[in-house]
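What follows is each chain in one-letter form.
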Amino acid sequence: MKKLLACLLVLLATTNAKAGIYGSIGAGISLNDGSAVHDSVMSDYKNTPVYAFALGYELPFPLLDARGEVEYLRIRPNAKYGPDSKIDAAFINGYADIPLIPIVDPYVGIGIGYARFDHTNTPALQGMAVLEYEIPVLPLTIGAEYRYMKVNETGGKWDSPSKFHTNIFMLKARYSF
């Protein structure tokens, strides 16, 4: 029992010291893969810029770093034929570090939230894969991120329910306070 307690204390004492509050911003492109019908014409969504802002907290565990954050995501996936669309989404995201590569930190994550899609509130989900590089002398991390996002069906301005799902490629910067 004493050996087990000693091992646990050593593990806890050697945890990564990355705990704390952070803020992040990101910008990228949304490669839209959804469609909608307007005036009986099927229309695909155009590819569009995407912007993200988040505030979160890093939690160091003995063999794994984890993060939790609240994020705002903005996409304007206008259809080729039909009215302009707007998506403003709020997510609660969770990330887990995969400690495989020494130079960069790979993370995977999931997010659940709500999106305001064409004046209709609807549930939204996303999955993320991230590669980050921590700048050695600054509390700044830069990274490249891929995410798949799905917004549930919505009526709004369209003749029939519109489905929106997208592949997002983003560059992000995270500042730890």
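About the thresholds
Residues numbered from 1 in each chain as written. Predicted model: local features only at pLDDT ≥ 70, side-chain atom pairs only at ≥ 80, totals over all residues. Heavy atoms only, no water. Patch = residues over 30% accessible without salt bridge, like charges linked within 9 Å, V, L, I, M, F, W, Y side chains within 5 Å. Areas by Shrake-Rupley, 256 points an atom, 1.4 Å probe, with all protein chains shown as cover. Salt bridge = Lys/Arg side-chain N within 4 Å of Asp/Glu carboxyl O. Helix = DSSP H or I, 4+ residues; strand = E, 2+ residues; numbered from the N terminus. pLDDT = per-residue confidence, 0-100. Contact = heavy atoms within 4.5 Å. Phe/Tyr/Trp six-rings, centres within 6.5 Å; stacked < 30°, edge-to-face > 60°. Buried < 20%, exposed > 50% of the residue type's maximum accessible area, 1.4 Å probe, protein only. Lys NZ or Arg CZ within 6 Å of the ring centre and 35° of its normal.

Draft legend 1. The arrangement of a nonpolar patch on the surface in detail. On the surface, Ile 21, Leu 55, Tyr 57, Leu 59, Phe 61, Leu 63, Leu 64, Tyr 175 and Phe 177 cluster together into a nonpolar patch covering about 950 Å² of accessible area. Among the elements that make up the nonpolar patch, the one with the highest residue count is strand E4 (residues 48-60) (3 residues).

Draft legend 2. How the structure looks around the confidence of the model for the protein. Averaged over all residues, the pLDDT of the protein is 81; the fraction at 70 or higher stands at 73%. This stretch, residues 5-16, has a pLDDT under 50; its non-local contacts, to residues over four places away or in other chains, come to 6 contacts.

Draft legend 3. Highlighting the packing of aromatic side chains. Throughout the structure, instances matching the rule amount to 3 aromatic pairs. Between the aromatic rings of Tyr 146 and Phe 169, the centroid separation amounts to 5.2 Å while the plane-to-plane angle is 50°, which identifies the pairing as tilted. Placement of the pair is Tyr 146 in strand E9 (residues 140-154) and Phe 169 in strand E10 (residues 162-176), with a sequence separation of 23 residues. Ring centres 5.2 Å apart and planes at 75° place the aromatic pair Tyr 175 and Phe 177 in the edge-to-face group. A relative accessible area of 40% means that Tyr 175 is categorised as partly exposed. The ring of Tyr 95 has Arg 67 lying over it, and the distance from NZ or CZ to the ring centre is 4.4 Å.

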